[in-house]
Amino acid sequence: MACGLVASNLNLKPGESLRVRGEVAPDAKSFVLNLGKDSDNLCLHFNPRFDAHGDANTIVCNSKDGGAWGTEHREPAFPFQPGSIVEVFVTFNQTDLTIKLPDGHTFKFPNRLNLEAINYMAADGDFKIKCVAFE
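Residues numbered from 1 in each chain as written. Predicted model: local features only at pLDDT ≥ 70, side-chain atom pairs only at ≥ 80, totals over all residues. Heavy atoms only, no water.

On to the UniProt feature "domain: Galectin" (unreviewed entry) in the protein, then. Within the UniProt annotation, "domain: Galectin" (unreviewed entry) is assigned to residues 4-135. Taken end to end, residues 4-135 has its terminal C-alpha atoms 23 Å apart, with 0% of it in helix and 66% in strand. (UniProt positions renumbered as here; feature names shortened; annotations may be inferred. Helix = DSSP H or I, 4+ residues; strand = E, 2+ residues; numbered from the N terminus.)

In this structure, G83 sits in the loop between β7 (73-75) and β8 (85-92). We classify G83 as partly exposed; its relative accessible area is 43%. Between the C-alpha atoms of G83 and V24, which are 59 residues apart in sequence, the distance is 5.1 Å. Setting aside residues no more than four positions away along its own chain, G83 makes contact with V24, A25 and P26. (Buried < 20%, exposed > 50% of the residue type's maximum accessible area, 1.4 Å probe, protein only. Contact = heavy atoms within 4.5 Å.)

The next point concerns the pairing of strand β4 (residues 41-52). Of all twelve residues in β4, eleven are buried, a share of seventy percent or more. Sheet topology places strand β3 (residues 31-38) next to β4; five bridges connect them, and they run antiparallel. Of the residues in β4, the one forming a bridge with N34 is H45. Counted along the chain from β3 to the antiparallel partner β4, the turn is two residues long. As judged from the eight bridges shared by β4 and strand β5 (residues 55-65), these two strands associate in the antiparallel manner. Following the sheet pairing, R49 is matched in β5 by T58. (Pairing = 2+ DSSP bridges.)

Taken as a whole and judged by the stated rule, the model has five aromatic pairs. With a centroid separation of 5.5 Å and an interplanar angle of 90°, the aromatic rings of F31 and F80 are classed as edge-to-face. In this pair, F31 is assigned in strand β3 and F80 in the loop between β7 and β8, connecting sequence segments 49 residues apart. For F31, a relative accessible area of 0% corresponds to the buried category. With a relative accessible area of 2%, F80 lands in the buried category. Ring plane angle 70° and centroid distance 6.3 Å describe the contact between F46 and F80, whose orientation is recorded as edge-to-face. Of this pair, F46 sits in strand β4 while F80 sits in the loop between β7 and β8; the two residues are 34 residues apart in sequence, bridging distant segments of the chain. Each member of the pair, F46 as well as F80, is classed as buried. Aromatic ring contacts, followed pair by pair, group F31, F46, F50, F78, F80 and F127 into a single cluster. Sitting above the plane of the F89 ring, K100 keeps its charged end 5.6 Å from the centroid. (Phe/Tyr/Trp six-rings, centres within 6.5 Å; stacked < 30°, edge-to-face > 60°. Lys NZ or Arg CZ within 6 Å of the ring centre and 35° of its normal.)

As structure tokens, this is what we get:
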């Protein structure tokens, strides 16, 4: 995957949310949103897979601690369509992150790194960011 948008010094605090709106490529295989301290310390690796790494229409979430991946979590909901505009909301808390998908489905992913702030965001893959908002 080519490197997409990278942002640092976000200082997203517990109770705050990040809203990411973007366009899924018409021939999308997968895309990634990473949130954390830096590229080696991610409290959320959010990876919707249309057809990648042996997964089809599956959201895979994980964390990375000091460069080492944690245990993958697979979320069965998959409200993404190639060629569509989508919004994903991530609310950050000390214990977990709440991810709200375009169809309104929400799920929680644990804050395994116990981060007190999210300072890093990266987007990659078949997704073009149109808007990032902090709420």
